[in-house]
Number of protein chains: 2
Amino acid sequence: MTTIGLLNPGEMGSMVGAAVRSGGSRVLWAGEGRSAVTRKRASEAGLEDAGSVPALVSASDVILSVCPPAAAVDVAAQVAKLRFAGTYVEGNAIAPATAREIGGIIEKGGATFVDGGIIGPPPVKQGTTRFYVSGTGAERIAALLTAGPLQAIVVPGGPGAASTVKMAYASWTKGSSALLLAVCALASAEGVEDALVREWKISQPDLSARAEGAARSNAKKAWRFVGEMEEIAATFAAAGLPDAFHQGAAEIYRRMEVYKEGPAPSFADVLRALTPRRPA
Amino acid sequence: MTTIGLLNPGEMGSMVGAAVRSGGSRVLWAGEGRSAVTRKRASEAGLEDAGSVPALVSASDVILSVCPPAAAVDVAAQVAKLRFAGTYVEGNAIAPATAREIGGIIEKGGATFVDGGIIGPPPVKQGTTRFYVSGTGAERIAALLTAGPLQAIVVPGGPGAASTVKMAYASWTKGSSALLLAVCALASAEGVEDALVREWKISQPDLSARAEGAARSNAKKAWRFVGEMEEIAATFAAAGLPDAFHQGAAEIYRRMEVYKEGPAPSFADVLRALTPRRPA
């Protein structure tokens, strides 16, 4: 039986852990110093509490990093410092250059590095979520991670390839949602929302609903998307493409960070939050 | 019978002219010094050649400006200089601030200004194309322009409102197309196109076809979109929203300007043109 250490049982991580567990692996997390909310989530997902991070690291064959993009390098550095010698799977929404940087940190610590990227919602239903992996040993990791509702897919191209798939995918989904919200904020701030919505009804019949859906489903998660948009911008720049789209998207999600805590805002609230500097 | 002077019978202008003519108006253009292609297009649209621009201006009750966004101010200045005293309809894809600037130029010359913006393809079939107008006298102009396959709609809010509707609309259609092409260029440049296309087939089933359609239908028109994206960026900035999305879109269309003349490129050609500085 393979023991997998899961470093951040957040919304996504805990469901990935539950899926992998249903495939027969033992899944640990480190409860020491974590909040009651996280503890409840980990326990509901059936994860085993190893106690401290060092205890988790020494007990694990494979470590899975699933955390907000901005924390990914620190998480890896912490594991490398503990001389982890198993396989480290980097599952976050980060630029391929960041993934390769993490690979260097991890290998220097003595472990094997597998790059990864998760596409889809937390895996609860079959067919919704894929864990892309690339690099040496990706096949073995894909076999471990294909469990329950989660499917793992090997991407050829070595470390960075799986992260690039994730970046390219999210550059459209989250980038276009941010653009759409900005468009609605413009129309609203300039007083032409009715005319635009009427035109959309004729020629872009799904856009109004898509915009309202983007506000509803992204408002409370927007704080996490800021770092992801910055990683995507870096990915575009490294490929010689304009990074401006996702600099714009990062700014839109930054203005929505206020909704991290508290009740979900209305569509009109979100549009107002996006144009704090209304023209005179 | 109202005489309408049409200043640029391009692809859009000539069909707008033909539509308005079918509503009973007389439509003039100024053939002096224009190319054989433009002459043929104007004549096929049934437009009457007034000869020179001064002759057109002095014979027209209403002047319709339909030209590439970057030329809109110059066209208006030329008409104002000729002391046009009728109604000038600004029909271009420009920022509301640019439209109001043109309004100032036109009114100083002695004419009435009506702001406008066209949404949809050149009006050939009923129901595809709407001419939004705003400002004093917009109702009368809407009645003139609702003819044949063209429908005109008055937007409340005065000069600039119709241009804002156009900017907001195109900020999504052309902005999201540019984003989608950039995403495909990224995946292609980084060697993960197959993995992305396979993922899209599962979770975003219309995106591959949409991307190929965007390349096909935009390649030869991209040179015109650059100025429009810059006008949209200015519109966003003036409303306190990030202008970065459309700075990025302007750069994408700038890299496609090479396709203005010559045969339509393949999808792969377009993606290669978008990443001239491939990573080493």
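Coordinates for the structure precede this section.
Keep in mind the model is a prediction, meaning the values are calculated, not measured.

Peer 1: Pulling in residues and values, what's your account of the packing of helix α7 (residues 161-189) of chain A against helix α7 (residues 161-189) of chain B?
Peer 2: Packing of α7(A) against α7(B) leaves a shortest axis separation of 10 Å and a crossing angle of 165°. One finds that α7(A) runs roughly antiparallel with respect to α7(B). At the point where α7(A) passes α7(B), the crossing takes the right-handed sense. Here α7(A) contributes Ala168(A), Ser171(A), Trp172(A), Gly175(A), Ser176(A), Leu179(A), Leu180(A), Val183(A), Leu186(A) and Ala187(A) to the contact with α7(B), which in turn contributes Ala168(B), Ser171(B), Trp172(B), Gly175(B), Ser176(B), Leu179(B), Leu180(B), Val183(B), Leu186(B) and Ala187(B).

Peer 1: Hey, could you go over the pairing of strand β1 (residues 3-6) of chain A for me, with residue numbers and the actual values?
Peer 2: All names here are of chain A. The pairing of β1 with strand β2 (residues 26-29) spans three bridges and is parallel. Paired with Gly5 across the bridge in β2 is Leu28. Regarding the hand of the β-α-β motif, the stretch spanning β1, helix α1 (residues 11-22) and β2 is right-handed. Of the strand pairs in this sheet, β1 and strand β4 (residues 62-65) are connected by three bridges, and their pairing is parallel. Note on β4: the bridge partner recorded for Leu6 is Leu64.

Peer 1: So what about the sheet that holds strand β6 (residues 112-119) of chain A? Which residues, and what values?
Peer 2: Strand order in the open sheet formed by eight strands is β3-β2-β1-β4-β5-β6-β7-β8 (chain A), with mixed pairing between adjacent strands. Only two strands of the sheet have a single partner each, and these edge strands are β3 (48-49) and β8 (150-154) of chain A.

Peer 1: Let's hear about the relation of the copies chain B and chain A: which residues, and what values?
Peer 2: With an RMSD of 0.0 Å, the fit of chain B onto chain A corresponds to turning through 180° and sliding 0.0 Å along the axis. The symmetry that links the two subunits is that of a two-fold axis. Among all residues of chain B, the minimum C-alpha distance to the rotation axis is found for Phe245(B), at 2.0 Å. Of the interface residues in chain B, 100% have counterparts in chain A that sit at the interface too, so the contact is made through matching surfaces.

Peer 1: For helix α9 (residues 207-218) of chain B, give the residues involved together with the corresponding values.
Peer 2: Residue and element names in this part refer to chain B. Its 12 residues give α9 an end-to-end C-alpha distance of 16 Å, which sits within 8% of 16 Å, the value for a rise of 1.5 Å per residue. Listing the buried residues of α9 in full gives Leu207, Ala211, Ala214, Ala215 and Asn218. Across the axial projection of α9, the buried residues extend over an arc of 95°, all falling on one side. Structural note: α9 exposes Ala209 and Ser217 on the side pointing more than 90 degrees away from its buried face.

Peer 1: I'd love a proper account of the environment of Ala30(B), names of residues and values included.
Peer 2: Residues and elements named next belong to chain B. Examined against the element boundaries, Ala30 turns out to sit in the loop between β2 (26-29) and α2 (36-44). Using a count of 23 C-beta atoms within 10 Å as the deciding quantity, one classes Ala30 as buried. Residues Ala30 and Gly5 lie 25 residues apart in sequence; the distance between their C-alpha atoms is 8.3 Å. The contacts of Ala30, once residues within four sequence positions are left out, are Ala50, Gly51, Ser52, Val53, Ala55 and Leu56.

Peer 1: So what about the environment of Val73(B)? Which residues, and what values?
Peer 2: Among the secondary structure elements, Val73(B) is positioned in helix α4 (residues 72-81). For the pair formed by Val73(B) and Glu101(B), sequence separation is 28 residues and the distance between their alpha carbons is 8.1 Å.

Peer 1: How would you summarise the pairing of β4(A) if you had to cite specific residues and measurements?
Peer 2: Residues and elements named next belong to chain A. Neither face of β4 is exposed, since Val62 and Leu64 on one face and Ile63 and Ser65 on the opposite face are all buried. Alignment of β4 against strand β5 (residues 87-90), held across four bridges, turns out to be parallel. Counterpart to Leu64 in the pairing with β5 is Val89. Of the crossover connections in this fold, the one passing from β4 over helix α4 (residues 72-81) to the parallel β5 is right-handed.

Peer 1: Give me the interface of chain B and chain A: which residues, what numbers.
Peer 2: On the side of chain A, 50 residues touch chain B, which itself brings 50 residues to the contact. Residue assignment for the side of chain B that touches chain A shows that the elements contributing at least two residues are β7 (129-134), α7, α8 (193-203), α10 (222-238) and α11 (244-255) of chain B. The greatest single-element share of the side of chain B that touches chain A, amounting to 17 residues, is contributed by α7(B). The residue makeup of the side of chain B that touches chain A, split by class, is 31 nonpolar, 13 polar and six charged.

Scoring rules and cut-offs
Residues numbered from 1 in each chain as written. Chains lettered and ligands numbered in written order. Predicted model: local features only at pLDDT ≥ 70, side-chain atom pairs only at ≥ 80, totals over all residues. Axes fitted to C-alpha atoms, helices over the stretch in contact; angles between N-to-C directions. Helix = DSSP H or I, 4+ residues; strand = E, 2+ residues; numbered from the N terminus. Parallel < 35°, antiparallel > 145°, perpendicular 65-115°, else oblique. Left-handed = near helix turned anticlockwise from the far one by under 90°. Contact = placed C-beta atoms within 7 Å. Pairing = 2+ DSSP bridges. Right-handed = clockwise from strand over helix to strand, strands pointing away. Least-squares fit on C-alpha atoms with pLDDT ≥ 70 in both. Expected span 1.5 Å × (residues − 1). Buried ≥ 20, exposed ≤ 12 C-beta atoms within 10 Å, placed from the backbone. Arc of directions from axis to C-beta. Nonpolar A, V, L, I, M, F, W, Y, C, P; charged D, E, K, R; others polar.

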